[in-house]
Amino acid sequence: QRAEAAQHYLASRAAFARADAPRGIAAVDLRLAWLNRLDGDPDAAAELLRATAERFGQAGDGAGAVLAITHRVVTEIAAGRLAASRPGPVAEIVDWARGSGSRSYALGCAGIMHAAVCTLRDDGAVEAGLAAFDLARRLMRALDDRHAELGPISDLGELYDRLNSR
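Residues numbered from 1 in each chain as written. Predicted model: local features only at pLDDT ≥ 70, side-chain atom pairs only at ≥ 80, totals over all residues. Heavy atoms only, no water.

(A) Quick peek at helix α6 (residues 103-122). For α6, built from 20 residues, the straight-helix expectation of 28 Å at 1.5 Å per residue is met to within 8% by its first-to-last C-alpha distance of 29 Å. All of the buried residues in α6 are A106, L107, C109, A110, M113, H114, V117, C118, L120 and R121. Tucked into the core, α6 has its buried residues touching α4 (62-78), α5 (90-98), α7 (126-142) and α8 (146-164). Backbone geometry just after α6 places G124 at a positive phi near 85°. (Helix = DSSP H or I, 4+ residues; strand = E, 2+ residues; numbered from the N terminus. Expected span 1.5 Å × (residues − 1). Buried < 20%, exposed > 50% of the residue type's maximum accessible area, 1.4 Å probe, protein only. Contact = heavy atoms within 4.5 Å.)

(B) Structural detail: the pattern of salt bridges. Enumeration over the complete set of coordinates arrives at 9 salt bridges. The closest approach of N and O atoms between R55 and D29, which form a salt bridge, is 3.9 Å. Taken as a pair, R55 in helix α3 (residues 42-58) and D29 in helix α2 (residues 22-38) lie far apart in primary sequence, 26 residues in all. Using a relative accessible area of 4% as the deciding quantity, one classes D29 as buried. Residue D134 is joined to R137 by a salt bridge in which the shortest nitrogen-to-oxygen separation is 2.8 Å. One end of the pair is D134 and the other is R137, both in helix α7 and 3 residues apart, which spans about a single turn. (Salt bridge = Lys/Arg side-chain N within 4 Å of Asp/Glu carboxyl O.)

(C) Focus on the nonpolar core. With 40 residues, the main nonpolar core has I77, I93, M113, L139 and L143 as its most contacted residues. Of all the secondary-structure elements, those providing two or more residues to this core are α2, α3, α4, α5, α6, α7 and α8. For this core, the leading source of residues is α7, giving 10 residues. (Core = buried A, V, L, I, M, F, W, Y, C linked by side-chain atoms within 4.5 Å.)

(D) Expanded view of unusual backbone geometry. We note that D20 has phi near 55°; this positive angle belongs to a residue other than glycine. Classification of D20 as exposed rests on a relative accessible area of 67%.

(E) Focus on the packing of α4 against α6. At their nearest, the axes of α4 and α6 sit 10 Å apart, and the two run at 20° to each other. Here α6 runs roughly parallel to α4, going by the angle between their axes. The handedness of the crossing between α4 and α6 is right-handed. For the pair α4 and α6, the contacting residues are A63, V66, L67, T70, H71, V73, V74, I77 and A78 in the first and Y105, C109, I112, M113, A116 and L120 in the second. Split into classes, the residues belonging to the contact of α4 with α6 amount to 13 nonpolar, 2 polar and no charged. (Axes fitted to C-alpha atoms, helices over the stretch in contact; angles between N-to-C directions. Parallel < 35°, antiparallel > 145°, perpendicular 65-115°, else oblique. Left-handed = near helix turned anticlockwise from the far one by under 90°. Nonpolar A, V, L, I, M, F, W, Y, C, P; charged D, E, K, R; others polar.)

(F) Region of interest: the packing of α3 against α4. Between α3 and α4, the least distance of the axes is 8 Å, while the angle of their chain directions is 165°. With respect to α4, the element α3 is oriented roughly antiparallel. Crossing of α3 over α4 shows left-handed handedness. Mapping the contact onto sequence places P42, A45, A46, L49, R50, T52, A53, F56 and G57 in α3 and G64, A65, A68, I69, H71, R72, T75 and E76 in α4.

(G) Geometry of the packing of aromatic side chains. In the structure shown here, the tally under the stated rule is 1 aromatic pair. With a centroid separation of 5.7 Å and 70° between ring planes, the pair formed by W96 and Y105 is classed as edge-to-face. (Phe/Tyr/Trp six-rings, centres within 6.5 Å; stacked < 30°, edge-to-face > 60°.)

(H) Main features of α7. Between the first and last C-alpha of α7 there are 24 Å, a value that for 17 residues agrees with the 24 Å anticipated at 1.5 Å per step. Among the 17 residues of α7, 13 are classified as buried, and the element is accordingly described as predominantly covered.

(I) Summary view of the side chain of R137. Residue class for R137 comes out buried when judged on its relative accessible area of 16%. Looking at R137, its side chain comes within polar contact range of the side chain of D134, at 2.8 Å. Every residue in contact with R137, bar those within four places of it in the chain, is listed here: E149, P152 and I153. (Polar contact = N/O pair within 3.5 Å; in protein donor to acceptor, adjacent residues only side chain to side chain.)

Following this line, the structure appears as structure tokens:
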């Protein structure tokens, strides 16, 4: 089914290219990157998501760019390329949210990171879990949402508890 989905996405991408619609191309690329990730190719997914964020940005779609950045970060974390000690895109997302963007949209992206990490944690990916919980927590804190921040803090505590009970 993924191969069929990819064919449809590529046809859609070609139609957007003929129409000179960069936001449409970027929207399709976001989906193609997800297929790359599902196919076990995080390198291709991360590179496509980096280019997708740029394409959204060039088209003036900051929300699309932040969404692509969010998915790139989740991909990088799942592939073990971002650690809790590295800052990730918090400043970039917060700058957008405080400028021309939307705080609630950026918090939604933090929620995507948080939800993705719950899956990583449940799959036993400890380092990825630590990185993603910390990143989601720092993003929520930077966006001044102390209540939302409690979710990743609680889940981080549960992850440490699981580590200590092994």
